[in-house]
Amino acid sequence: MGEAQHHYNVSVNSWGGKPNFGGNPRGPRYYGNMPRYAAIDIGSNSIRMQAAETGDGMATKILAAERQVTHLGAGVFQDGRITADALEFVCTSLARMAQIYQKLDVIGVRAVATSAVRDASNQQTFLERASKALGAPIEIISGQEEARLIHLGVQARWPQPGKRVLMIDVGGGSAEVILSDHGVLSEAFSKPLGAVRLTEVFLRTDPPAPIDLHRLNEYIEEKLSGPLNKIGPGPFDRAIATSATAAAIVCAVNRVARSRRDEADRLKASAAQIRRFYRDVSVLDSNGRRKIQGIGPNRAELIVAGAAVFRRMLELFQQPALHYSAAGVRDGIIADLAARGVGRELSMLSRDQRRAVEQMARRYGVQLSHARNVADLAHRLFQSLQPLHRLPPALGKLLEAAAYLHDIGHFVSDTSHHKHSYYLVLHSDLPGFTDSERQMIALLCRYHRKSMPTPRHSPFQTVDPDSRRAINLLVPLLRIADSLDRSHEQRIGDLQVQFRNGSVILALDSKPDPDLEIWAAERVAEAFHETYQVQLQLTRVRP
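From a predicted model like this one, the values you see are computed outputs, not experimental measurements.

Conventions we followed
- Residues numbered from 1 in each chain as written.
- Predicted model: local features only at pLDDT ≥ 70, side-chain atom pairs only at ≥ 80, totals over all residues.
- Heavy atoms only, no water.
- Helix = DSSP H or I, 4+ residues; strand = E, 2+ residues; numbered from the N terminus.
- Buried < 20%, exposed > 50% of the residue type's maximum accessible area, 1.4 Å probe, protein only.
- Contact = heavy atoms within 4.5 Å.
- Areas by Shrake-Rupley, 256 points an atom, 1.4 Å probe, with all protein chains shown as cover.
- Lys, Arg positive; Asp, Glu negative; His and termini not counted.
- Charge placed at Lys NZ, Arg CZ, Asp CG, Glu CD.
- Salt bridge = Lys/Arg side-chain N within 4 Å of Asp/Glu carboxyl O.
- Core = buried A, V, L, I, M, F, W, Y, C linked by side-chain atoms within 4.5 Å.
- Polar contact = N/O pair within 3.5 Å; in protein donor to acceptor, adjacent residues only side chain to side chain.
- 1 Å grid on protein atoms, 1.4 Å probe; cavity = no way out; pocket = protein on both sides within 12 Å on 5 of 7 lines; lining within 4 Å.
- Points joined across faces, edges and corners; volume = space filled by probe spheres on them.
- Nonpolar A, V, L, I, M, F, W, Y, C, P; charged D, E, K, R; others polar.
- Axes fitted to C-alpha atoms, helices over the stretch in contact; angles between N-to-C directions.
- Parallel < 35°, antiparallel > 145°, perpendicular 65-115°, else oblique.
- Left-handed = near helix turned anticlockwise from the far one by under 90°.
- Pairing = 2+ DSSP bridges.

Peer 1: Outline the overall build of the protein, supporting the account with residue identities and numerical values.
Peer 2: When its secondary structure is counted, the protein shows 21 helices and 15 strands. C-alpha atoms of the protein, sized along the principal axes, occupy 90 × 50 × 35 Å. By the burial criterion, 57% of the 543 residues in the protein qualify as buried. Of all intrachain contacts in the protein linking residues separated by at least 6 positions in sequence, the fraction that spans at least 24 positions is 72%. Only carbon and sulfur atoms are counted for the fraction: they give 47% of the accessible area of the protein, which is about 22800 Å². Each charge class in the protein was averaged separately, 68 positive and 57 negative side chains, and the resulting centres sit 3 Å apart.

Quick look at the structure:
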């Protein structure tokens, strides 16, 4: 199974209110926002919410994480329906979680429901009420999509380059068996082997009866025969287990208290330890299981079935041990949203805005091929350099608009045309932009060449400190973009931004000779260094 394209419901949020940039406009400290996303995973036993900040070349920073046990699947696996009480509790939990991530200015939200809701006969009622409580659409995902997101999540939190890895997730309703080969999802299976489902179907007594354990293990082996035949027993460089059940097992065999579960990430449990653990818990009642270090009261009800699945998987796939990863569907969702650039449109001109700036550029005789190219380069620089400027996405629109309009002053005079551009933008009607946005666009045009903004420039003092800081950070990007089309011949086909050894490297892809563009960009590199306290280097990628 390869990485396919998937279409799904994502709620994209605009940035409301006045952004707070903070920090010193000339210093290296930036306190704005990288792209922020929220993920909600509605599982068969619990709901998990995670909000995180992420960006190209930057480690993901978790801003909020919540987990609420719901036992949603218990009614489904018994009667085929989500109970009224469970639905009410889920809606209350989702509303609470939404309040948390909504305060964090996330630009994209994806909420998914898995096995229990897939199987529920009243799933439509659930989706309507739960989506309303969350304030965002909830989608039911397939087992294959669930496996894909788990794989993405593990690779995001614990990359496995160059390795052949068996990944195992035992949730409440299903278990996902995944083969990752050199970081690429190669095979994925979703089987009805979740801990809640198996407990409800097979383990009716406490402690479980031997005959029930026998039937449980026969069922597990039957369901794993397909993945085993397709993937084979190895060899694998590593087996990685995810889910709360895996965490409980690894914590128990390594004597890690539940309060220190975060320390269990990447810990190992041998196959012999897991066999012994399964043998011990399968003869205890729930009170006895609760006393085991690392197992909480809720997990004690499900741990026998979960341990049975992990034990048999290790035996069938002939693995000597498994490593626990704290990653899950929620991490995969955030990695996927970031990789797809969800919310990126917030930094791009709308259709009406683009029409307005193009009409104005055409009115003043601007070469549109040059303007469009500079706008495209400026937008790519804004996106790629977000780890440095950390500005809200909406400001990318103003940079793009300025890229279209920076040369309109030539209509008045070639001498000091940047000042004429400022005047024309400031005193023109620009549909789709507020007065303050038009003022910022005018100032960006004013400073696209010659001196950088300074306090002695009276036009610069007409805007508030937050806007002045944003202009300081955006001007070098506009100057670089303009320089990269110095010939007006669109010689730069593509650019890649790399962060290396405290420097920013612009790798330029160009078939025609880009020496003029490189020379021009190097002339404005000092302004970039002054503003960001980072060296800018340019290199050509040979076709």
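Peer 1: Residues and numbers for the pattern of salt bridges, please.
Peer 2: Any two side chains of opposite charge can pair, so long as their charged atoms come close to each other. Under the criterion given, the structure shown has 27 salt bridges. Across the salt bridge formed by Glu 263 and Arg 260, the nearest N and O atoms sit 2.9 Å from each other. Owing to a relative accessible area of 38%, Arg 260 belongs among the partly exposed residues under this scheme. Across the pair Arg 380 and Asp 376 runs a salt bridge, and its minimum N-O distance is 2.7 Å. A residue pair is termed a helical-turn pair when its members lie 3 or 4 positions apart in one helix, as Arg 380 and Asp 376 do in helix H15 (residues 368-384) at four residues.

Peer 1: Before we move on, could you go through the nonpolar core and cite the residues and values that matter?
Peer 2: In this structure, Leu 405, Ile 441, Leu 484, Val 504, Leu 506 and Phe 528 are the most contacted members of the largest nonpolar core, which totals 67 residues. At nine residues, the largest contribution of residues to this core is made by helix H20 (residues 465-483). Core analysis: the second largest hydrophobic core is formed by 52 residues, Val 253, Val 309, Phe 310 and Leu 322 among them.

Peer 1: Residues and numbers for the side chain of Thr 242, please.
Peer 2: As for its placement among the helices and strands, Thr 242 is situated in strand E10 (residues 238-242). Judged by its relative accessible area of 1%, Thr 242 falls in the buried class. Within the structure, Thr 242 has its side chain in polar contact with the side chain of Asp 169 (distance 2.5 Å). Excluding residues that lie within four positions of it along the chain, Thr 242 makes contacts with Ile 150, Val 154, Ile 168, Asp 169, Val 170, Phe 310, Tyr 324, Ser 325 and Ala 327.

Peer 1: Outline the layout of surface pockets, listing residues and values.
Peer 2: What the largest pocket holds in volume is close to 920 Å³. Arg 48, Arg 67, Ser 243, Ala 244 and Arg 330 are, among the 42 residues lining the largest pocket, the residues nearest its centre. By residue number, the principal contributor to the lining of the largest pocket is strand E4 (residues 58-69), which donates five residues. Residue classes in the lining of the largest pocket are distributed as 13 nonpolar, 16 polar and 13 charged.

Peer 1: Account for the packing of H15 against helix H17 (residues 395-405), naming residues and giving values.
Peer 2: Each packed pair of helices is defined by two parameters, the angle between the axes and the distance between the axes. Two numbers describe how H15 lies on H17: the axes approach to 8 Å, and their chain directions differ by 155°. Overall, the two elements H15 and H17 adopt an arrangement that is roughly antiparallel. H15 and H17 meet at a crossing whose hand is right-handed. Here Ala 371, Arg 372, Val 374, Ala 375, Ala 378, His 379 and Phe 382 of H15 lie close against H17, whose contacting residues are Leu 395, Gly 396, Leu 399, Glu 400, Ala 403 and Tyr 404. Residue classes in the contact of H15 with H17 are distributed as nine nonpolar, two polar and two charged.

Peer 1: Any chance you could break down the sheet that holds strand E8 (residues 175-181) for me, citing the residues and the numbers?
Peer 2: Note on sheets: strands pair through backbone hydrogen bonds, and any given pair is parallel or antiparallel. Taken in spatial order, the six strands of this open sheet run E9-E8-E7-E10-E12-E11, and their pairing is mixed. The open sheet has two free edges, formed respectively by strand E9 (184-191) and strand E11 (268-270), since each of these has just one partner strand. Mean inter-strand twist for the sheet, computed between neighbouring axes without regard to direction, equals 25°. Of the strand pairs in this sheet, E10 and strand E12 (residues 321-324) are connected by two bridges, and their pairing is parallel. Paired with Ala 241 across the two strands is Tyr 324, which belongs to E12. Helix H9 (residues 271-281) contacts E11 and E12 of the sheet and is inclined by roughly 75° relative to E11. Sheet strands touched by helix H12 (residues 303-316): strand E7 (164-170), E8, E10 and E12. Its angle to E7, the strand with the most contacts, is close to 160°.

Peer 1: So what about the side chain of Arg 479? Which residues, and what values?
Peer 2: Secondary-structure assignment places Arg 479 in helix H20. Although Arg 479 is buried, it forms no salt bridge, and the closest oppositely charged side chain is Glu 530 at an N-O distance of 8.2 Å. Within polar-contact distance, the side chain of Arg 479 engages the backbone oxygen of Arg 449 at 3.2 Å.

Peer 1: Any details on unusual backbone geometry? Residues and values, ideally.
Peer 2: Here the amide bond leading from Asp 206 into Pro 207 is cis, since omega sits at 0°, within 30 degrees of zero. Relative to the elements of secondary structure, Pro 207 occurs in the loop between helix H6 (195-202) and helix H7 (210-231). In this structure, the amide linkage connecting Gly 234 to the following residue, Pro 235, adopts the cis form with an omega of 5°. Mapped onto the elements of the fold, Pro 235 is located in the loop between H7 and E10. Phi is positive for Arg 390, close to 50°, though the residue is something other than glycine. Summarising the element assignment, Arg 390 is placed in the loop between helix H16 (386-389) and H17. The phi angle at Asn 501 is positive, at roughly 50°, despite the residue not being glycine.

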